[in-house]
Amino acid sequence: QLPVSEDMTAFLSSHQMGVTQLAIAYCDALIDNTAARTALFPLFNPAADANAISDADWDTQFIYPMVDAALNTGLGTQPNRDDVRAELQALLNSTADIKPIGNPDGLPDGLSRCGGSCPAGRAAVAAKAACAVVLGSASVTMQ
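Please read all numbers here as calculations on a predicted model, not as lab measurements.

### A short note on the packing of aromatic side chains
No. 1: If you walk through the whole model with that rule in mind, you get five aromatic pairs.
No. 2: A ring pair is formed by Phe-44 and Trp-58, whose centres lie 5.3 Å apart and whose planes are at 45 degrees; its orientation type is tilted. Residue Phe-44 is located in the loop between α2 (34–40) and α3 (55–70), and its partner Trp-58 is located in helix α3; the two are separated by 14 residues in the primary sequence. Here the two residues Phe-44 and Trp-58 agree in accessibility, since each one is buried.
No. 3: Arranged with centres 5.5 Å apart and planes meeting at 50 degrees, the rings of Phe-44 and Phe-62 form a pair that is tilted. One end of the pair, Phe-44, is in the loop between α2 and α3; the other, Phe-62, is in helix α3, with 18 residues separating them in the sequence. In this pair, the class of Phe-44 matches that of Phe-62, namely buried.
No. 4: Here the aromatic residues Phe-41, Phe-44, Trp-58 and Phe-62 are joined through ring pairs into a cluster of three or more.
No. 5: Positioned over the ring face of Tyr-64 is Arg-85, at 4.4 Å from the centre of the ring.

### With respect to the nonpolar core
No. 1: Grouped together as the largest cluster of nonpolar side chains are 29 residues, with contacts concentrated most on Phe-44, Trp-58, Phe-62 and Met-66.
No. 2: Considering each element in turn, this core owes the most residues, nine residues, to helix α5 (residues 122–135).
No. 3: With near-sequence residues (within four places) excluded, Trp-58 lies in contact with Phe-44, Ala-50, Ile-53, Ile-63, Leu-92, Asn-93, Ser-112, Arg-113, Ala-123, Ala-126 and Ala-127.

### Notes on the pattern of salt bridges
No. 1: Using the criterion set out here, one finds six salt bridges in the structure.
No. 2: In this structure, the salt-bridge partner of Lys-128 is Asp-28, at a minimum N-O distance of 2.7 Å. Of this pair, Lys-128 sits in helix α5 while Asp-28 sits in helix α1 (residues 13–32); the two residues are 100 residues apart in sequence, bridging distant segments of the chain.
No. 3: A salt bridge links Arg-85 to Asp-82, with the nearest nitrogen and oxygen atoms 3.3 Å apart. Taken as a pair, Arg-85 and Asp-82 lie in helix α4 (residues 81–93) at a separation of three residues, close to a single helical turn.
No. 4: Linked by salt bridges that have partners in common, Asp-68, Arg-81, Asp-82 and Arg-85 make up one network.

So, how was this worked out
- Every chain is numbered independently, its residues counted from 1 as its sequence is written.
- Per-residue local features are limited, in this predicted model, to residues with pLDDT of at least 70; the limit for side-chain atom pairs, both in listing and counting, is 80 or more; totals at the level of whole chains, interfaces and linings are taken over all residues.
- With hydrogens and water excluded, all non-hydrogen atoms of the structure serve as input to the side-chain values.
- Pairing of aromatic rings covers Phe, Tyr and Trp, the last counted by its six-membered ring, and requires centre-to-centre distances within 6.5 Å; plane angles under 30 degrees mean stacked, over 60 mean edge-to-face, and any other angle means tilted.
- Secondary structure elements are taken from DSSP: a helix is a run of H or I of four residues or more, a strand is a run of E of two residues or more, and numbering for both begins at the N terminus.
- Burial status follows relative accessibility: with a 1.4 Å probe on protein chains alone, a residue under 20% of its type maximum counts as buried, one over 50% as exposed, and anything between as partly exposed.
- In our convention, an over-ring charge means Lys NZ or Arg CZ found within 6 Å of a ring centre and within 35 degrees of that ring's normal.
- Each nonpolar core is a collection of buried residues, namely Ala, Val, Leu, Ile, Met, Phe, Trp, Tyr and Cys, held together in the definition by side-chain atoms within 4.5 Å.
- Every residue pair with non-hydrogen atoms within 4.5 Å of one another is taken to be in contact.
- Throughout this description, the term salt bridge denotes a Lys or Arg side-chain nitrogen within 4 Å of a carboxyl oxygen of Asp or Glu.

As structure tokens, this is what we get:
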């Protein structure tokens, strides 16, 4: 269920779920398709150990190209690119353990950070999730 008009007052929660599902499906296909992925992220290797990819490499190989491709330029109102990048950096690379009480596993919160080495495919899963966050966000859907 996607919105039928550009009128913001007609945008319902069901529309946001449709946008979210579309973003997830798109990002899944993007990361899994070698040609599509390398066109946008030429240096990103989703088969790498996610924990071994440095914060700087996540920035240059994935976060910056993702934000640059997804956000418009020259609009009257839009999110600050650096703010969006900072949110993605925290989502992917946080080493804090600030999960809610009741989940004290001692592992870092960042999707690309694991205790020891990450399981196979973790970099791809983290990239798909971060991509879906950007594409399903108001910074894209409202523009």
